[in-house]
Amino acid sequence: MQKLENGIFPAVCPLDCPDTCGLLVHKQDGKIVKVEGNPEHPITKGSICNKVRHMAERIHHPERLTTPLRRVGLKGGAVFEPISWDEAIDEIAGKFRRLSEEYGPESILPYSFYGNMGVLSVEGMDRRFFNALGASRLEQTICNAAGSAGWSYTMGFKGGTSPEDIVNADLIIVWGGNIVSTNMHQIVLAEQARKKGARIIVIDVHRNRTAQWADWFLPLYPGTDTALALGIMHILFRDGLTDEAFLKAYTVGYEELRKQAEEYTPEAVAVITGIPAEDIEKLGKLYGEAKVSYIHIGNGLQHHDNGGMNVRSIACLPALTGQWLKKGGACKGNGGYAEMNARALQRPGLRPNPRARSINMNRIGEALEMTEQPIKSLFVYCCNPLVVAPDAERVRRGFAREDLFTVVHDLFLTDTARYADIVLPSTSTFENTDLYSSYWHHYIQLQEPILEAPGECKSNFELFSLLGRAMGFDDEAFRQGEEDMIREALDYPRNPYLNGVTLERLKAGRHVKLDMTSKDRYLDNLPTPSGKIELYSRAMENAGLPPLPAYTPLVEGFDGIRRPGEGEKYPLMFISPPNHSFLNSTFSNAWKHQQLEKRPTLQIHPEDAAKRGIADGDEVKVYNERGMVQIWAAVTDRMLPGTVISQGLWWEGKDRPQRSNVLTPDRLSDMGKGATFFSATVQVELC
Ligand SMILES: Nc1nc2c(c(=O)[nH]1)N[C@H]1C(S)=C(S)[C@@H](COP(=O)(O)OP(=O)(O)OC[C@H]3O[C@@H](n4cnc5c(=O)[nH]c(N)nc54)[C@H](O)[C@@H]3O)O[C@H]1N2
Ligand SMILES: Nc1nc2c(c(=O)[nH]1)N[C@H]1C(S)=C(S)[C@@H](COP(=O)(O)OP(=O)(O)OC[C@H]3O[C@@H](n4cnc5c(=O)[nH]c(N)nc54)[C@H](O)[C@@H]3O)O[C@H]1N2
Ligand code: SF4
Ligand SMILES: [Mo]
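Computed from a prediction, not measured in an experiment: that's the story for all the values here. (Residues numbered from 1 in each chain as written. Chains lettered and ligands numbered in written order. Predicted model: local features only at pLDDT ≥ 70, side-chain atom pairs only at ≥ 80, totals over all residues. Heavy atoms only, no water.)

Asks: Looking at this structure, I do not really get the packing of helix α10 (residues 225-238) against helix α12 (residues 254-262). What am I missing?
Replies: When two helices pack together, you describe them by how their axes are tilted relative to each other and by the distance separating the axes. Two elements in contact, α10 and α12, have axes separated by 8 Å at closest approach and are oriented at 110°. Taken as axis vectors, α10 and α12 run roughly perpendicular relative to one another. On α12, the residues that touch L230, M233, H234 and F237 of α10 are Y254, L257, R258, Q260, A261 and E262. (Axes fitted to C-alpha atoms, helices over the stretch in contact; angles between N-to-C directions. Helix = DSSP H or I, 4+ residues; strand = E, 2+ residues; numbered from the N terminus. Parallel < 35°, antiparallel > 145°, perpendicular 65-115°, else oblique. Contact = heavy atoms within 4.5 Å.)

Asks: Can you walk me through α12 in this structure?
Replies: Helical geometry note: an α-helix holds 3.6 residues per turn, so side chains three or four residues apart project in the same direction. Listed as buried for α12 are Y254, L257, Q260 and A261. Seen end-on, α12 carries its buried residues on one side only, within an arc spanning 115°. Facing away from the buried side of α12 by more than 90 degrees, the exposed set consists of K259 and E262. For α12, the secondary structure elements touched by its buried residues are α10, α11 (244-250), β11 (251-252) and α15 (307-320). (Buried < 20%, exposed > 50% of the residue type's maximum accessible area, 1.4 Å probe, protein only. Arc of directions from axis to C-beta.)

Asks: Sorry, what's going on with the packing of aromatic side chains here?
Replies: How two aromatic rings sit relative to each other is given by the distance of their centres and the angle of their planes. Scanning the model with the defined rule gives 23 aromatic pairs in all. Between F246 and Y250 the ring centres are 4.9 Å apart and the planes differ by 40°, which places this aromatic pair in the tilted class. Linking F246 with Y250, this pair stays in helix α11, spanning 4 residues, or about one helical turn. With a centroid separation of 4.9 Å and an interplanar angle of 85°, the aromatic rings of Y337 and Y497 are classed as edge-to-face. In this pair, Y337 sits in the loop between β13 (329-331) and α16 (342-346) while Y497 sits in the loop between α21 (482-490) and α22 (503-509), placing the two residues 160 residues apart along the sequence. A connected cluster of aromatic rings, assembled from ring pairs, spans F96, F129, F130, F379, Y381, F405, F464, F473 and F478. In this structure, K282 packs its charged tip against the face of W216, placed 4.1 Å from the ring centre. (Phe/Tyr/Trp six-rings, centres within 6.5 Å; stacked < 30°, edge-to-face > 60°. Lys NZ or Arg CZ within 6 Å of the ring centre and 35° of its normal.)

Asks: I keep staring at the layout of surface pockets and nothing clicks. Help me out?
Replies: Sizing a probe to match a water molecule and rolling it over the atoms shows the empty space that remains. The volume enclosed by the second largest pocket comes to roughly 730 Å³. Surrounding the second largest pocket, 21 residues form its lining, D415, R418, W651, E652 and K654 being those nearest its centre. Taken together, the residues of the lining of the second largest pocket sort by class into 6 nonpolar, 7 polar and 8 charged. (1 Å grid on protein atoms, 1.4 Å probe; cavity = no way out; pocket = protein on both sides within 12 Å on 5 of 7 lines; lining within 4 Å. Points joined across faces, edges and corners; volume = space filled by probe spheres on them. Nonpolar A, V, L, I, M, F, W, Y, C, P; charged D, E, K, R; others polar.)

Asks: Would you take a moment to explain the site of ligand 2 for this structure?
Replies: Lining the immediate environment of ligand 2, one finds 33 residues, of which D410, N460, S576, S585 and T586 sit closest. With respect to ligand 2, the side chain of S585 contributes an N or O atom lying 2.5 Å from an oxygen atom. Between a nitrogen atom of ligand 2 and a side-chain N or O atom of N661, the distance comes to 2.8 Å. Taking 910 Å² as the accessible area of ligand 2 by itself, protein coverage stands at 95%. For the shell around ligand 2, the residue count by class is 15 nonpolar, 15 polar and 3 charged. (Near = heavy atom within 4 Å. Polar contact = N/O pair within 3.5 Å; in protein donor to acceptor, adjacent residues only side chain to side chain. Areas by Shrake-Rupley, 256 points an atom, 1.4 Å probe, with all protein chains shown as cover.)

Asks: Just to check I follow, could you spell out the UniProt feature "domain: 4Fe-4S Mo/W bis-MGD-type" (unreviewed entry) in the protein chain for this structure?
Replies: Per the UniProt record, "domain: 4Fe-4S Mo/W bis-MGD-type" (unreviewed entry) is found at residues 6-63. Helix makes up 16% of residues 6-63 and strand 34%, with an end-to-end C-alpha separation of 24 Å. (UniProt positions renumbered as here; feature names shortened; annotations may be inferred.)

Asks: Is there a simple way to explain the side chain of D19 in this structure?
Replies: Tracing the sequence through the fold places D19 in the loop between β1 (7-12) and β2 (22-28). For the buried D19, no salt bridge is present, and the opposite-charge side chain at shortest range is K51, 8.0 Å distant. Polar side-chain contacts of D19 include one of 3.3 Å to the backbone nitrogen of M184. Setting aside anything within four residues of it in sequence, one finds D19 in contact with T182, N183, M184, H185, Q186, W440 and H441. (Lys, Arg positive; Asp, Glu negative; His and termini not counted. Salt bridge = Lys/Arg side-chain N within 4 Å of Asp/Glu carboxyl O.)

Asks: For this particular structure, what's the right way to read the domain arrangement of the protein chain?
Replies: By a frequent convention, interface size equals the accessible area lost on bringing the separate parts together. Examined at the domain level, the protein chain breaks down into domain 1 (2-59), domain 2 (148-331 + 531-542) and domain 3 (572-686). The straight-line distance from the C-alpha centre of domain 2 to that of domain 3 is 27 Å. Taken together, the contact pairs 29 residues of domain 2 with 24 residues of domain 3. Buried area between domain 2 and domain 3, summed over both chains or domains, comes out near 2000 Å², and the portion from carbon and sulfur atoms is 58%. Three residues stand out in domain 2 for area buried against domain 3, namely H206, H303 and D305, and they jointly supply 32% of the buried area on that side. (Domains from an automatic or database assignment. Buried area = accessible area lost by both parts, 1.4 Å probe.)

Asks: Looking at this structure, how should I read the site of ligand 3?
Replies: In the vicinity of ligand 3, the residues found are C13, L15, C17, D19, T20, C21, I48, C49, K51, V52 and M184. Of the pockets mapped on this structure, ligand 3 occupies the largest cavity. (Sits in = over half its atoms within 2 Å of the grid points.)

Asks: So what exactly am I meant to see when it comes to unusual backbone geometry here?
Replies: With glycine set apart, most residues show a phi of negative sign, and most peptide bonds adopt trans. Of note in the backbone geometry, F587 takes a positive phi value of approximately 80° without being a glycine. The residue F587 is located in the loop between β22 (572-575) and α24 (591-597) in this model. Its identity is not glycine, yet K598 carries a phi of approximately 65°, on the positive side. Secondary-structure assignment places K598 in the loop between α24 and β23 (601-604).

Asks: Honestly, the sheet that holds strand β19 (residues 443-447) in this entry has me stumped. Any pointers?
Replies: The pairing of strands in a sheet happens through backbone hydrogen bonds and is either parallel or antiparallel. The sheet built from 3 strands is open, its strands ordered β18-β19-β20 with antiparallel pairing. The outermost strands of the open sheet, each flanked by one partner alone, are β18 (434-436) and β20 (511-513). The sheet shows a mean angle of 20° between the axes of neighbouring strands, direction not considered. Sheet analysis places β19 next to β20, joined by 3 bridges and oriented antiparallel. Within β20, the position partnered with Y443 by the bridge is K513. (Pairing = 2+ DSSP bridges.)

Asks: Teacher, can you tell me more about the sheet that holds strand β17 (residues 422-425) here?
Replies: Overall, mixed pairing links the 6 strands, which are arranged β5-β4-β17-β16-β15-β6 in an open sheet. On the outer flanks of this sheet lie β5 (80-82) and β6 (108-112), each paired with one strand and no other. Neighbour-to-neighbour, the strand axes of this sheet turn through a mean angle of 20°, independent of strand direction. Of the strand pairs in this sheet, β6 and strand β15 (residues 377-381) are connected by 5 bridges, and their pairing is parallel. If you follow I108 over to β15, its bridge partner there is S377. Taken strand by strand, helix α20 (residues 460-470) contacts β15, β16 (405-410) and β17, and its axis lies near 150° from that of β15.

See the structure below:
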C-alpha cells in the first residue's frame, strides 16, 4: 500500500493555479518531509512555487480538522462539540428532508469553488448529489466569468495560444496578470523567448513582481484597458500595420472596427488611461511591427464593471495583425481544450426540477437576505466565502442568520466554517484519487492516494456518496467508484483534444498530453455564430451590449473627467489582487506563508500619503460605505496617484478587521455576471 511506505511518490498540485504542476512528494514515517516539482512533467520541469514547497505545513498542520463538529454556542462564535460521522450525516439528511418538504429543495444552496481542482472533488459526486436533491444551482462566476464571456464573444472557443508556442514570440505582453506570482511556468517559457530576443511588456495598475521583471512597464488607471486596446487598434489601422488578408478571410466587422477606432487617438486614450500619448504610439508600433506577438490576458483587468469588454477588446488585437496564423495570438485561459464529459460526471438528468433557480455566488450576501423563497440552508465546500466573496460584511451578516442551517466541509476552521452549524473534516488531495486538467497547459494528470487521511477526514467524493445514500438516492450514480467516474469523464468523443487520454495511460504515465492535432484547424472550427473571429458581434448587440469594442467608465470613481484621487467621499481606487505566498485565502493560516507576507498592507502613492499625513509603516483605516479594514501603509510610487493596492486574501485578524472584501462591491460585471472586486473606491486615513 503506497500510503504506508516511505519513499518518493508522484502527485498533482490541486490548487487553483494555471500551472497544475506535477509533484514529487517525499514521505517518511507517514509524513511529508519534502515537496518538489516532478522533473518529468513537461511544463513543471522540476520547479514549483514557494507556496507548495512548504505544503507539508498545511497538510500536517496541528489545526487541521479531524472530526465532524456541531455548533453549541452562538452563530459565528465558533464553539463546537465533536460528533460522529453517523450523527453528522443523520442530522444533515434529516434537515434536508424537512426543508425540502416545508420550503422545497431549492431552499438549499450548495456554495463551492475550486479549493481543490480535482474533477471528482468539485464537478463530480457533489454535483450528482445536489442535482438529485433538486437544490438551487450556484452560478460560479467569482473568478473569470466576465473575461471568459468577453473572450468567447470574440473567439468562440475557450482556448488560445498553447504554452509551448510562447517561446516563438518576439513580443510578449502580459496584460493585467501578475504571472511571476500566479503562473510562474509562463515566466520560464517567456524567458526562453527573451533569450532569442523577445521583448516583454507589462500593462498593469501597479508595478507588481511581473512588471519588475519586464523590459517595459506601462501603468494605467484601473478599468481603462479597452481604451488602450482601441488606441493600439487606431495606430494599427492608421499606419497600415494590419494584416488585411487575414482580416478578410477570418474575421467579421473589421470595417466597422476600423471606423470605431478612429476616435481613439493616442491623445484621447492618454487622457483616459493616464499613459502618455508617446508611449501609446510606441506600444502600437511595437505591436504592429512584431513578427510573432503573444498577449497573456490576466484575470485582473476583468474583475471590473467593464471587465468583459476589457478582455473582448484585447482579444481582437491578434486578429488585426494575423497572429493566429503565426503561432502567436493570445490566451485568456485554455480550459476549452481539456473539456470533459460534464453530463456523465454531474448527471443533470437526476434533477427532479430541471428549471431550478440559480443564485449568483457574487451576490450571496444579498441572496441570504431574500424573504421570498428564502435560502434556508447552505452547503459550503472548497470555498471560503466569508473571505473571498465581495461585500464581505453583508455576506457575514447573512451567515449569522440563526435560522440558516450551514454545513461547511473543509480542512480547517476557516472564517466561513466558524459560522457553520455542522463542520465536516476534509481530506487533502494527497489522500484521494482524483483527475486533474489545467486551464492553461495541455497535460491531464491522475492523483492516487499517497497519505493516510488523518482522523476521520473524508473526501468530497466519499462525503457526497454517503449523503446521497442517506437521502435514499438509489441511482447507480451514487454507487460508482472513483475510477468509474474518471473513465466516464474522459469518454467524450465531442472533444477531439481528449482523444486517447485514458485512465490506463494516466496510471502508466501520470501525465498524458491532450491530442493537439486538431489545433491545426483552430481557425476553421471557431464556434462563434459566424464561424469567424467576431470583431463586430451581433450576439453582443442582441444581449444589449456594444457590438464593437467601446470604452465605458467604471461605476465608482474615475469617469474620464475626474481623475482617481480627486474629490468625492471615496476618491481612491482600491485594488486587492492575490499576493505571492497565499493561494486566494488558502495558506493565510499557515505560519510559513504568513511570515513571508509579514502583514496586510496598503500600497499608497507618496502624493496620496502626504495629503493624509501618512508615513511608511503607519497603521491606516481603509473604508467606504461597505466596511473598513485596518492595515499598514507602504508608501510607494508603484502605481499612478489615486490607486491603492492591498495584496492577498487574509483571514480576519484576531484583533483587527483585515478582510479586503469588506470594501469590494457585489455589483456584477458587464458580461458573464462576473465579480467586480477591483472596481471599488475607498478613503484612507491614519488610525
Ligand atoms: N500566488 C498566487 N497565485 C495564484 C492565486 C493566488 O491567490 N496567489 N490565485 C489563482 C487564481 S484563482 C487566479 S484567478 C489567478 C489570478 O492571477 P492573475 O491572472 O495574475 O490575476 P490577478 O492577480 O487577479 O490580477 C493581476 C493583476 O491585474 C492588475 N489589475 C487590476 N485591475 C487592473 C486593470 O484595470 N487593468 C490592468 N491592466 N490591470 C489590472 C492587478 O494589479 C494585478 O497585478 O492566479 C492564480 N494563482
Ligand atoms: N478581493 C478579492 N477577492 C477575490 C479575489 C481577488 O483577487 N480579490 N480573487 C477571486 C478569485 S479569482 C477566486 S478564484 C476566488 C477563490 O476563492 P476560493 O475558491 O474560496 O479559494 P480559497 O480561499 O483558496 O478557499 C478554498 C477553500 O477550499 C478548501 N479545500 C481545499 N481542498 C478541499 C477539498 O478537497 N475539499 C473541501 N471540502 N475543501 C477543500 C481550502 O482549505 C480553502 O479553505 O476568490 C475571489 N475573491
Ligand atoms: S501553486 Fe501553481 S506553481 Fe505552485 S506548485 Fe501548484 S501548480 Fe505549481
Ligand atoms: Mo480565480
